[in-house]
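The primary structure of each chain is shown beneath.
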Amino acid sequence: MRTRFWTSLMAMAAVGAFLHLAPVVAAGQATEATQATPTKAAATWVLPRTPDGQPDIRGYWGQRNNITTYSMQEGVADRAEHIRMSGQAPALGHPIKDPADEKIPYQPWAAKKAALHHDVHRSPSKPELLDPVTRGFLEGVPRINLQGGFQITQYPGTVVILHDYGHTYRVIPLDGRPHLGQNVKLWMGDSRGHWEGNTLVVDVTNNNDQTWFDIVGSFHSDALHMVERWTYVAQDRIDYEVTIEDPKVFTRPWKISMPLYRRLEKNVKIMEYKCVEFAEELLYGHLRKQPRK
């Protein structure tokens, strides 16, 4: 039974990767021309604004399927079944842009722990050694921005991001209010934002220590602090960058970056992703009683 349980969890992870990446592929297909060939219209693009003066980034967004979501780091080979189900390839690259070697600057003790996570994540001996997302928990920042699509809405003094995964949302106040008390730790952290020209700068604190940056166990502590920069550079493109620091785990701050593209399909909407409903047969099907003949 124990073997069956862990096998089911591994299968759920593979299905989750495929289903969660589906809207990302659509986003890339819809915006290939936007990325490859800037148009004359883009060159004369005028920054739109909301009634309260914010740069207007309302809409449906997603990243192109051009980075692996298996490991954040260079040098960690994606497993064959993940490549097959998600349509990815090992040469797709990684989102880490600093350091130049595309590796997380772990302190020596933390590097050993991350290596252990990687070694046992496919056959974990206890639940905490399995990807938290596979176990149905929230992805955390910045991982949730790397996978799946999302909708940005704006209100006076507020930006709201609605994600397809697990009904997750982020409310980002722009009014200068302080962060929550340090004793409050959240799966998605506590976000506070402000605009610098056409860049939304978001300070993310109050993170718990339970989320991973990727499937293979790249981890952090509850001292994690991030500064996101969402730069609106064209009608259908936002350049995303986040600086990540954690003095308990890393030797220095490090950065990831990637372009985000507007979903251009007609009647586009974020796809509902209900983790348990998608995976319940894999997890619990063997417990179903068959009717007597």
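Once a new chain begins, its residue numbering starts again from 1 and follows that chain's sequence as written. A pLDDT threshold of at least 70 governs which residues receive local features in this predicted model, and a stricter bar of 80 or more applies before side-chain atom pairs are shown or counted, although totals over entire chains, interfaces and linings include all residues. Hydrogens are left out, water is left out, and the side-chain values use all remaining heavy atoms of the structure.

(A) Broad picture of the side chain of Asp-56. To qualify as a helix, a DSSP run of H or I must reach at least 4 residues; to qualify as a strand, a run of E must reach at least 2; elements of each kind are numbered from the N terminus. Looking at where Asp-56 falls in the secondary structure, it is placed in the loop between helix 2 (40-43) and strand 1 (59-62). Using a 1.4 Å probe on the protein chains alone, a residue whose accessible area is under 20% of its type maximum counts as buried, one over 50% counts as exposed, and one in between counts as partly exposed. The class for Asp-56 is buried, based on a relative accessible area of 14%. Residues within four places of Asp-56 in sequence aside, it is in contact with Pro-48, Arg-49, Thr-50, Gln-154 and Tyr-232. Contact criterion: two residues are considered in contact whenever any of their non-hydrogen atoms come within 4.5 Å of each other.

(B) How the structure looks around the pattern of salt bridges. Salt bridges, as used here, are contacts in which a Lys or Arg side-chain nitrogen is within 4 Å of a carboxyl oxygen on Asp or Glu. Inspection of every chain in the model, using the stated rule, returns 12 salt bridges. When the shortest N-O distance is used, the salt bridge between Arg-170 and Glu-228 registers 2.7 Å. Placement of the pair is Arg-170 in strand 5 (residues 169-173) and Glu-228 in strand 8 (residues 225-234), with a sequence separation of 58 residues. This pair shows no difference in class: Arg-170 is buried, exactly as Glu-228 is. The partner of Asp-239 in a salt bridge is Arg-237, and the shortest N-O contact between them spans 2.7 Å. A relative accessible area of 27% places Asp-239 in the partly exposed class.

(C) Examining the packing of aromatic side chains more closely. Geometry of aromatic contacts follows a simple scheme: Phe, Tyr and Trp rings, the Trp one being its six-membered ring, pair when their centres are within 6.5 Å, and the pair is stacked under 30 degrees between planes, edge-to-face over 60, tilted otherwise. The full count for this structure, using the stated rule, is 11 aromatic pairs. For the ring pair Trp-61 and Tyr-232, a centre distance of 6.2 Å and an interplane angle of 85° mean the geometry is edge-to-face. Taken together, the residues span a long stretch of sequence, with Trp-61 in strand 1 and Tyr-232 in strand 8 at a distance of 171 residues. Tyr-232 carries the same exposure label as Trp-61, and that label is buried. An aromatic cluster is built from Tyr-106, Trp-109, Phe-213, Phe-219, Phe-250 and Trp-254, whose rings are joined through pairwise contacts.

(D) Local environment of the environment of Arg-263. Tracing the sequence through the fold places Arg-263 in the loop between strand 10 (254-262) and helix 6 (275-284). Identification of polar contacts relies on pairs of N or O atoms within 3.5 Å, with a donor-acceptor requirement for protein atoms, meaning one able to donate a hydrogen and the other able to accept it, and with residues adjacent in sequence counted only if both atoms are side-chain atoms. Here the side chain of Arg-263 touches Glu-265 through a polar contact of 2.9 Å, side chain to side chain.

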